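In case you want the letters, here they are:
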Amino acid sequence: MEARFFEGDAMFHTLGRWFRSLSYHPSSSSHAPVSATLGALKSLLGLAMVVEARDPYTAGHLWRVSQLARLLAERAGLSPQERAYCEAGGFLHDLGKVAMPDHVLFKGGPLTPDEFEIMKTHPTVGAHMLSPHALGSAVHAAVLSHHERPDGEGYPQGLSGASVPMVARVVGLADAFDAMTSDRPYRKGMPMGRATEIIRAERGKQFDARWVDVLTDKVRIHELAHIVGHSDEGLPLASCPVCQGPLAMPRGAGPGMTACRICGAELEVVKTHGVLDLRPTGRKASAEQLQPQPDLALIEVMARGMAPYAACRT
Ligand SMILES: [Fe+2]
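Because the structure is predicted, anything quoted here is derived from the model rather than measured. (Residues numbered from 1 in each chain as written. Predicted model: local features only at pLDDT ≥ 70, side-chain atom pairs only at ≥ 80, totals over all residues.)

Visitor: Please explain the overall build of the protein as it appears in this structure.
Guide: Of the regular secondary structure elements, the protein holds 13 helices and seven strands. By residue count, 37% of the 314 residues in the protein fall in the buried class. Contacts spanning at least 24 positions in sequence make up 61% of the contacts within the protein whose residues lie at least 6 apart. (Helix = DSSP H or I, 4+ residues; strand = E, 2+ residues; numbered from the N terminus. Buried ≥ 20, exposed ≤ 12 C-beta atoms within 10 Å, placed from the backbone. Contact = placed C-beta atoms within 7 Å.)

Visitor: Teacher, can you tell me more about unusual backbone geometry here?
Guide: In most cases, non-glycine residues show a negative phi, while peptide bonds are predominantly trans. A cis amide bond links Y155 to the next residue, P156, at an omega of 10°. Here P156 lies in the loop between α9 (136–145) and α10 (166–181). Non-glycine residue A59 carries a positive phi angle of around 30°. Tracing the sequence through the fold places A59 in the loop between α3 (48–54) and α4 (61–75).

Visitor: What's the story with the pairing of strand β5 (residues 256–259) in this structure? I'm lost.
Guide: Working note: regular strand, side chains alternate between the two faces of the sheet. Examined bridge by bridge, β5 and strand β6 (residues 265–272) share four bridges and lie antiparallel to one another. Pairing of A259 across the sheet is with E266, part of β6. Between the antiparallel neighbours β5 and β6 lie five residues, among them G264 with a positive phi of about 85°. (Pairing = 2+ DSSP bridges.)

Visitor: Sorry, what's going on with the nonpolar core here?
Guide: Where a protein is soluble and globular, its nonpolar side chains tend to be buried together. Residues L72, A88, V170 and L173 are the most contacted members of the largest nonpolar core, which totals 56 residues. Filtering out sequence-adjacent residues up to four positions away, L173 remains in contact with L72, F207, D208, W211, V212 and L215. Membership of the second largest hydrophobic core comes to 11 residues, among which are C240, M249, A259 and A265. (Core = buried A, V, L, I, M, F, W, Y, C linked by C-beta atoms within 7 Å.)

Visitor: Explain α9 here, please?
Guide: The periodicity of an α-helix, 3.6 residues per turn, causes residues three or four places apart in sequence to face the same way. Counted residue by residue, α9 has eight buried out of 10 residues, so it is predominantly covered. What α9 keeps buried is the set A138, V139, H140, A141, A142, V143, L144 and S145.

Visitor: How should the environment of W211 be read in this particular structure?
Guide: Note that W211 resides in helix α12 (residues 209–218). Its 24 C-beta neighbours within 10 Å are what place W211 among the buried residues. With 135 residues separating them along the chain, W211 and A76 place their C-alpha atoms 8.2 Å apart. The residues contacting W211, other than those within four sequence positions of it, are L72, R169, V170 and L173.

Visitor: Any chance you could explain the packing of helix α8 (residues 122–130) against α9 here in plain terms?
Guide: Think of two packed helices as two axes; the pair is described by the angle between the axes and how far apart they sit. Between α8 and α9, the shortest axis-to-axis distance is 8 Å and the interhelical angle comes to 170°. What the angle tells us is that α8 and α9 run roughly antiparallel. Counting all contacts with α8, which are made through P123, T124, G126, A127 and L130, the residues of α9 involved are G136, V139, H140, V143, L144 and S145. Broken down by class, the residue content of the contact of α8 with α9 amounts to six nonpolar, five polar and no charged. (Axes fitted to C-alpha atoms, helices over the stretch in contact; angles between N-to-C directions. Parallel < 35°, antiparallel > 145°, perpendicular 65-115°, else oblique. Nonpolar A, V, L, I, M, F, W, Y, C, P; charged D, E, K, R; others polar.)

Visitor: Honestly, the packing of α9 against α10 in this entry has me stumped. Any pointers?
Guide: At their nearest, the axes of α9 and α10 sit 8 Å apart, and the two run at 55° to each other. Classified by the angle their axes make, α9 and α10 are oblique. Considering how the two elements wind past one another, α9 and α10 form a crossing that is right-handed. Contacts from A141, A142 and S145 of α9 reach α10 at V167, A168 and V171. Partitioning the contact of α9 with α10 into residue classes produces five nonpolar, one polar and no charged. (Left-handed = near helix turned anticlockwise from the far one by under 90°.)

Visitor: Just checking my understanding: could you explain the sheet that holds β5 for this structure?
Guide: As a general point, the strands of a sheet are linked pairwise by backbone hydrogen bonds and lie either parallel or antiparallel. One open sheet accounts for three strands, arranged β5-β6-β7; its pairing is antiparallel. The strands lining the two open edges of the sheet, one partner per strand, are β5 and β7 (275–284). Geometrically, the sheet is characterised by an average inter-axis angle of 35° between neighbouring strands, direction not taken into account.

Visitor: Any chance you could explain the pairing of β7 here in plain terms?
Guide: Relative to β7, β6 runs antiparallel, the two sharing seven bridges. By the bridge assignment for β7, A265 is matched with K284. Connecting β6 to the antiparallel partner β7 that follows it, the hairpin turn spans two residues, and H273 within it adopts a positive phi of roughly 50°.

Here's what the structure looks like:
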């Protein structure tokens, strides 16, 4: 039997009713319900910007996981509402990392057993942080259970098989695929084909068998090319010309001055033949330039994309 999508059918139906009650009816004279949906979604998705602000290495990881999770959900034939939950869950999955101490979050090498014990708390921390939010329940399972494994070797609860909520299995697979294909300070990201091979070898062990099959049988490698190495639709990740760290340019960015929040270098954004390029100025960035720039345009687009799907149920 297919496992539950959320942590209980009652929650699914409650959320479905809630979203339907907020749905937009063009014939209605009042647009307040859709505004309420959008406002709650933007508030929820905006929390992901806290993770980006805390750790500049995140650099679009949350967007990529959300898009991969949505693509997998779509190819598996899930309903529009379920796809929206996969997308939102992928975007919020690592919220608890904001509470990880610097020496754990920013450690360049492997974690000690004690440090790993601390890191293993991030799903629970994230789930607690989301609990007061009006839509926190919608992403609770993805946030709490994205590191669970079908073989029971995951954390924080050691769930196994079908007891891992489906949305968490989708997000967990998308998370691992992006981790493997992304550059890290200490290694280059691997080719997509190699990542897929490794995932296939872990079918039924680290990764859920059904979702491994969706990734390998129903998604073509070239279809992932607009997600891998990007931080938004049509926006490839840039790399700092000083430290080579990843740099996510905000939607609609143009020529001007910016900064690398990893090494603190001031950078000039120039447009050459229609392509944005980064050049070091040789100066240290100012405190003002080093401020994180939440990508509110991306949040707006994602929330608007999700709201109508979240509001219906097939
Ligand atoms: Fe995580």
